[in-house]
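Structural overview
Listed here are the chains, written in short residue letters.
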Amino acid sequence: MQLKFKDKSLDLSRAQIMGILNVTPDSFSDGGSYQTLDKALFQVKKMLNEGAAIIDVGGESTRPDAAIVSVQEELERVIPVVEAIVKRFDTIISLDTSSPEIMREGVKAGALMINDVRALTREGALQAAKDADVPVCLMHMQGTPQDMQHNPHYTNCAVEVKDYLFRRASECEAFGIKREHLLLDPGFGFGKSVHDNYTLLKKLAILRSGPYPLLTGLSRKSMLGAVTGIEKAAERVLPSAVAAMLCVQNGAQIVRVHDVKETAQALAVYYAVAEA
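For clarity, every value in this text was computed on a predicted model and none was experimentally measured. (Residues numbered from 1 in each chain as written. Predicted model: local features only at pLDDT ≥ 70, side-chain atom pairs only at ≥ 80, totals over all residues. Heavy atoms only, no water.)

Observations regarding the overall build of the chain
Definition in use: A run of H or I in DSSP counts as a helix once it spans at least four residues, and a run of E counts as a strand once it spans at least two, with each numbered from the N terminus. Radius of gyration here is computed from C-alpha atoms only, and the compact-globule reference equals 2.2 Å multiplied by the residue count raised to the power 0.38. Contact criterion: two residues are considered in contact whenever any of their non-hydrogen atoms come within 4.5 Å of each other. For every accessible area listed, the method is Shrake-Rupley and the probe measures 1.4 Å; residues are considered covered only by the protein chains on display.
Broken down by element type, the chain carries 9 helices and 10 strands. The globule rule puts the C-alpha radius of gyration for 276 residues at 19 Å, and the 17 Å found for the chain is close to it. Summarising its shape, the C-alpha atoms of the chain cover approximately 40 × 40 × 40 Å along the three principal directions. Long-range pairs, those at least 24 residues apart, make up 68% of the contacts in the chain between residues at least 6 apart in sequence. Carbon and sulfur atoms form 51% of the exposed surface of the chain, whose accessible area is close to 11900 Å².

Some details on the nonpolar core
Soluble globular proteins tend to bury their nonpolar side chains together. Basically, it comes down to this: In these notes, a set of buried Ala, Val, Leu, Ile, Met, Phe, Trp, Tyr and Cys residues joined through side-chain atoms within 4.5 Å is what counts as a nonpolar core. When a residue's accessible area, from a 1.4 Å probe over protein chains only, is under 20% of the maximum for its type it is buried; when over 50% it is exposed; and in between it is partly exposed.
Within the largest apolar cluster, 68 residues are counted, with the highest numbers of intra-cluster contacts made by Leu21, Val57, Ile85, Leu120, Leu138 and Val255. When neighbours within four sequence positions are excluded, Leu138 is seen to be in contact with Asp116, Ala119, Leu120, Leu165, Arg168, Ala169, Cys172, Leu182, Leu183, Leu184 and Asp185. Within the second largest apolar cluster, 14 residues are counted, among which are Met18, Ala53, Cys137 and Leu183.

Describing unusual backbone geometry
Across the chain, the bulk of peptide bonds are trans and the bulk of non-glycine residues have phi less than zero. Phi is positive for Asp133, close to 55°, though the residue is something other than glycine. Locating Asp133 in the fold gives a position in the loop between helix H4 (125–132) and strand E7 (136–139). Phi is positive for Arg220, close to 65°, though the residue is something other than glycine. Tracing the chain through its elements places Arg220 in the loop between strand E9 (215–216) and helix H7 (222–228). We classify Arg220 as buried; its relative accessible area is 11%.

Side note on the pairing of strand E8 (residues 182–185)
Put simply, the test is: For two strands to be treated as a pair, DSSP must find no fewer than two bridges joining them.
Side chains Leu182 and Leu184 of E8 all project onto a buried face; the interleaved residues Leu183 and Asp185 project onto the opposite face, where all are buried too. One ladder, built from 4 bridges, connects E7 with E8; its direction is parallel. When the bridges of E8 are listed, Val136 appears paired with Leu182.

Some details on the sheet that holds strand E3 (residues 16–22)
In spatial order, the strands read E8-E7-E6-E5-E4-E3-E10-E9; together these 8 strands make up an open sheet with parallel pairing. Looking at which strands have only one partner, the edges of the open sheet turn out to be E8 and E9.

Concerning the packing of aromatic side chains
Here is the rule we go by: Geometry of aromatic contacts follows a simple scheme: Phe, Tyr and Trp rings, the Trp one being its six-membered ring, pair when their centres are within 6.5 Å, and the pair is stacked under 30 degrees between planes, edge-to-face over 60, tilted otherwise. In our convention, an over-ring charge means Lys NZ or Arg CZ found within 6 Å of a ring centre and within 35 degrees of that ring's normal.
Under the defined criterion, the tally for this structure stands at 2 aromatic pairs. Between the aromatic rings of Tyr270 and Tyr271, the centroid separation amounts to 5.0 Å while the plane-to-plane angle is 70°, which identifies the pairing as edge-to-face. For Tyr271, a relative accessible area of 11% puts it in the buried group. Lying across the ring of Phe175, Lys130 places its NZ or CZ 5.6 Å from the centre.

Describing the pattern of salt bridges
To keep things clear, this is the line we draw: Whenever Lys or Arg places a side-chain nitrogen within 4 Å of a carboxyl oxygen from Asp or Glu, that contact is recorded as a salt bridge.
Scanning the model with the defined rule gives 15 salt bridges in all. The shortest N-O distance in the salt bridge between Asp163 and Lys162 comes to 3.8 Å. According to the relative accessible area criterion, Asp163 is partly exposed, its value standing at 37%. Residues Arg179 and Glu173 are paired through a salt bridge, measuring 3.1 Å at the closest nitrogen-oxygen approach. Owing to a relative accessible area of 23%, Glu173 belongs among the partly exposed residues under this scheme.

Some remarks on helix H3 (residues 100–109)
All of the buried residues in H3 are Pro100, Ile102, Met103, Gly106, Val107 and Ala109. Looking at the buried residues of H3, the elements they touch are helix H2 (71–88), strand E5 (92–96), strand E6 (113–116) and H4.

A look at the packing of helix H1 (residues 37–50) against H2
Each pair of packed helices gets described by two things: the angle between the helix axes and the distance between those axes. Here is the rule we go by: An axis is simply a line fitted to the C-alpha atoms; with a helix, the fit covers only the stretch in contact. Between two such axes, the angle follows the N-to-C directions and lies from 0 to 180 degrees. Angles are sorted into four bins: roughly parallel if under 35 degrees, roughly antiparallel if over 145, roughly perpendicular if 65 to 115, and oblique for all others. For any helix crossing, the convention is left-handed if the near helix is rotated counterclockwise from the far helix by under a right angle, and right-handed if that rotation is clockwise.
Look at H1 against H2: their axes get within 10 Å of each other, and the N-to-C directions meet at 50°. By the angle between their directions, the pair H1 and H2 is classed as oblique. Pair H1 / H2 crosses with right-handed handedness. Contacts from Leu37, Ala40, Leu41 and Val44 of H1 reach H2 at Pro80, Val81, Ala84, Ile85 and Arg88.

A look at the state of the cysteines
Basically, it comes down to this: Disulfides are defined in this document as cysteine sulfur pairs within 2.5 Å.
What the rule picks out here adds up to 0 disulfides. Considering cysteine sulfurs only, Cys137 is the nearest to Cys247, which forms no disulfide, with 13 Å between them. Taking relative accessible area as the criterion, Cys247 reaches 0% and is therefore assigned buried.

Right under this line is the structure:
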């Protein structure tokens, strides 16, 4: 299966790696690490050399209880980085944003994908995504980043996540966004308990029952710390790589990660076994 962009395509017959580039001061794991242009570009080069096929640039932290960021501030964080990456590297840039203004300006600057934790529910986001005519990832989240972890509750988490995402994808198609441009993300850690997250991981294949490619992101998240006892997010590298491999085993075609090298190594072993 090929995921097609404006002037590029991505082969999804093997899982691809999306490298995380947070240009924020307050992201849960690497906040503040890549706020200068030089540091951001150094990290992009490192991730591409290690095997990333997509660079996901985000200017708004969506960790639990995150502060709300103005559109202007998000623009000032994201657009110069996107422009600089386009000048220096031949890669696919994704915009980790829910704001229609960032979608428009980011695509104009050279981004080729939109990755929205709010599944295009902000006013104007559907129209901005349709006009952009690029692949869009729709993510499931119960609540908002400000309250999502206060009291998440499901009767059947996997089924409810699937139903929401399939319904939202249908609404996007009805609005005029191409089916072949839609991807789904179950939203690990976004309004879900530790038990919910692991149930969702175990039953991830339920999301592959539809026509949409599956993207997952659980890199360094607290669900991994909960079972390993590793308190510092940046030290959850090994469990993150294992979790990414389990996602691929259960149907994910793109894994969004901080630690590209370790994830690529884990997937190399996985495919060596799968293809033996």
